[in-house]
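If you want the building blocks of each chain, they are given just below.
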Amino acid sequence: MRRVVCPGSFDPITNGHLDIIGRAARLYDEVTVAVLINVEKSSLFTVDERIDILQTVTKEYPQVKVRKFHGLLVDFCRQNDIPAIVKGIRVVSDFDYELQMAQLNYRLSGVETLFMPTNPEYSFLSSSRVKEIARYGGDVSGLVPDLVHKLLIERLRG
Ligand code: PNS
């Protein structure tokens, strides 16, 4: 069984994340989407809300499962027998940051990191930009799944 993890905050998931998850699902037998529990960072959606959203929007991929984790990602990988991490790279500055993380994770555990170039259609996209646009009334349709679009409007504009 070939397993990989797609880790992140997913607050909320964007179409860029979903593209990477879907492409990983074509390459691997099992893709675990792992949501970081980060008590130090305030979030728009709770971890459990994010898990519900992720489960709904990845329904079409039977090989995708969604879990939460805290602590080190490589410990989660070890506990779940996952040998590799997949990360989307949008721009060169992502690579700079992700390379260091990948090297550290490998040094800590031997877990590999595989980089997948983001679809250029989404290379400008991030959860924080989506939240900012939605907060000020901008249109984020096409940037996030329809469910997220609806939930953003509900949460940010009452
Ligand atoms: O969506 P994000 O916030 O960019 O995701 C970052 C994430 C969750 C992948 C990263 O912060 C992470 O792996 N955190 C867990 C702690 C850890 O393992 N840090 C790496 C030490 S080298």
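Only a predicted model underlies this, so the values are computations on that prediction, with no experimental measurement involved.

A.B. asks: Give a detailed account of the overall build of the protein chain, specifying residues and quantitative values.
C.D. replies: Summing up its helical and strand segments, the protein chain has 6 helices and 5 strands in all. Reading the protein chain from its N end, one meets helices and strands in the order β-α-β-α-β-α-β-α-β-α-α. Taken against the 2.2 N^0.38 rule, which gives 15 Å for 158 residues, the C-alpha radius of gyration of the protein chain at 15 Å falls within 12% of a compact globule. The contacts in the protein chain between residues at least 6 apart in sequence include a share of 73% that link residues at least 24 apart. Taking the 20 positively charged and 20 negatively charged side chains of the protein chain as two groups, their mean positions are separated by 2 Å.

A.B. asks: How would you explain the UniProt feature "binding site: substrate" (unreviewed entry) in the protein chain if you had to name every residue and give the values?
C.D. replies: The positions UniProt marks with the feature "binding site: substrate" (unreviewed entry) are Ser9, Lys41, Leu73 and Lys87. Relative to the elements of secondary structure, serine 9 occurs in the loop between strand S1 (3-8) and helix H1 (15-27). Other than its neighbours up to four places away in sequence, serine 9 contacts Val35, Lys41 and Arg50. Assignment of secondary structure puts leucine 73 in helix H3 (residues 73-79). The contacts of leucine 73, once residues within four sequence positions are left out, are Val5, Pro7 and Ile85.

A.B. asks: Just give me the short version of the site of the ligand, but keep the residues and values in it.
C.D. replies: In the vicinity of the ligand, the contacting residues are Pro7, Gly8, Ser9, Leu36, Phe69, Gly71, Leu72, Leu73, Lys87, Met101, Leu104 and Asn105. One nitrogen or oxygen atom from the side chain of serine 9 is found 2.6 Å from an oxygen atom belonging to the ligand. Here the ligand has 560 Å² of accessible area as a free molecule, and 72% of this is covered by the chains. Broken down by secondary-structure element, the contributors of at least two residues to the shell around the ligand are S1 and helix H4 (92-109). The leading source of residues in the shell around the ligand is H4, at 3 residues. When its residues are assigned to classes, the shell around the ligand shows 7 nonpolar, 4 polar and 1 charged.

A.B. asks: Give a description of the pairing of strand S2 (residues 30-36) that names residues and reports values.
C.D. replies: With respect to burial, S2 is a largely interior element, 6 of its 7 residues being buried. Relative to S2, S1 is paired through 6 bridges, and the arrangement is parallel. Bridge pairing links proline 7 to alanine 34 in S2. Following the backbone out of S1, through H1 and into the adjacent parallel S2, one traces a crossover that is right-handed.

A.B. asks: Summarise the pattern of salt bridges; cite the residues concerned and give the values.
C.D. replies: Scanning the entire structure with this criterion turns up 13 salt bridges. Linking glutamate 30 and lysine 65 is a salt bridge whose minimum nitrogen-to-oxygen distance equals 3.4 Å. A residue pair is termed long-range when its members are at least 10 positions apart, and glutamate 30 in strand S2 and lysine 65 in strand S3 (residues 64-69) qualify at 35 residues. You can call glutamate 30 buried: its relative accessible area is 14%. The class of lysine 65 is partly exposed, set by a relative accessible area of 29%. Arginine 90 is paired through a salt bridge with aspartate 94; the nearest N and O atoms lie 2.9 Å apart. The class of arginine 90 is partly exposed, set by a relative accessible area of 35%.

A.B. asks: An account of the packing of aromatic side chains is requested, with residue identities and associated values reported.
C.D. replies: When we look at a pair of aromatic rings, we describe it by the centre distance and by the angle of the planes. Tallied over the full model, the rule gives 2 aromatic pairs. Their ring planes at 40 degrees and their centres at 5.5 Å tell us that phenylalanine 69 and phenylalanine 76 sit as a pair that is tilted. Like phenylalanine 69, the residue phenylalanine 76 is buried in the burial classification.

Conventions used here
- Residues numbered from 1 in each chain as written.
- Predicted model: local features only at pLDDT ≥ 70, side-chain atom pairs only at ≥ 80, totals over all residues.
- Heavy atoms only, no water.
- Helix = DSSP H or I, 4+ residues; strand = E, 2+ residues; numbered from the N terminus.
- Rg over C-alpha atoms; globule rule 2.2 N^0.38 Å.
- Contact = heavy atoms within 4.5 Å.
- Lys, Arg positive; Asp, Glu negative; His and termini not counted.
- Charge placed at Lys NZ, Arg CZ, Asp CG, Glu CD.
- UniProt positions renumbered as here; feature names shortened; annotations may be inferred.
- Near = heavy atom within 4 Å.
- Polar contact = N/O pair within 3.5 Å; in protein donor to acceptor, adjacent residues only side chain to side chain.
- Areas by Shrake-Rupley, 256 points an atom, 1.4 Å probe, with all protein chains shown as cover.
- Nonpolar A, V, L, I, M, F, W, Y, C, P; charged D, E, K, R; others polar.
- Buried < 20%, exposed > 50% of the residue type's maximum accessible area, 1.4 Å probe, protein only.
- Pairing = 2+ DSSP bridges.
- Right-handed = clockwise from strand over helix to strand, strands pointing away.
- Salt bridge = Lys/Arg side-chain N within 4 Å of Asp/Glu carboxyl O.
- Phe/Tyr/Trp six-rings, centres within 6.5 Å; stacked < 30°, edge-to-face > 60°.

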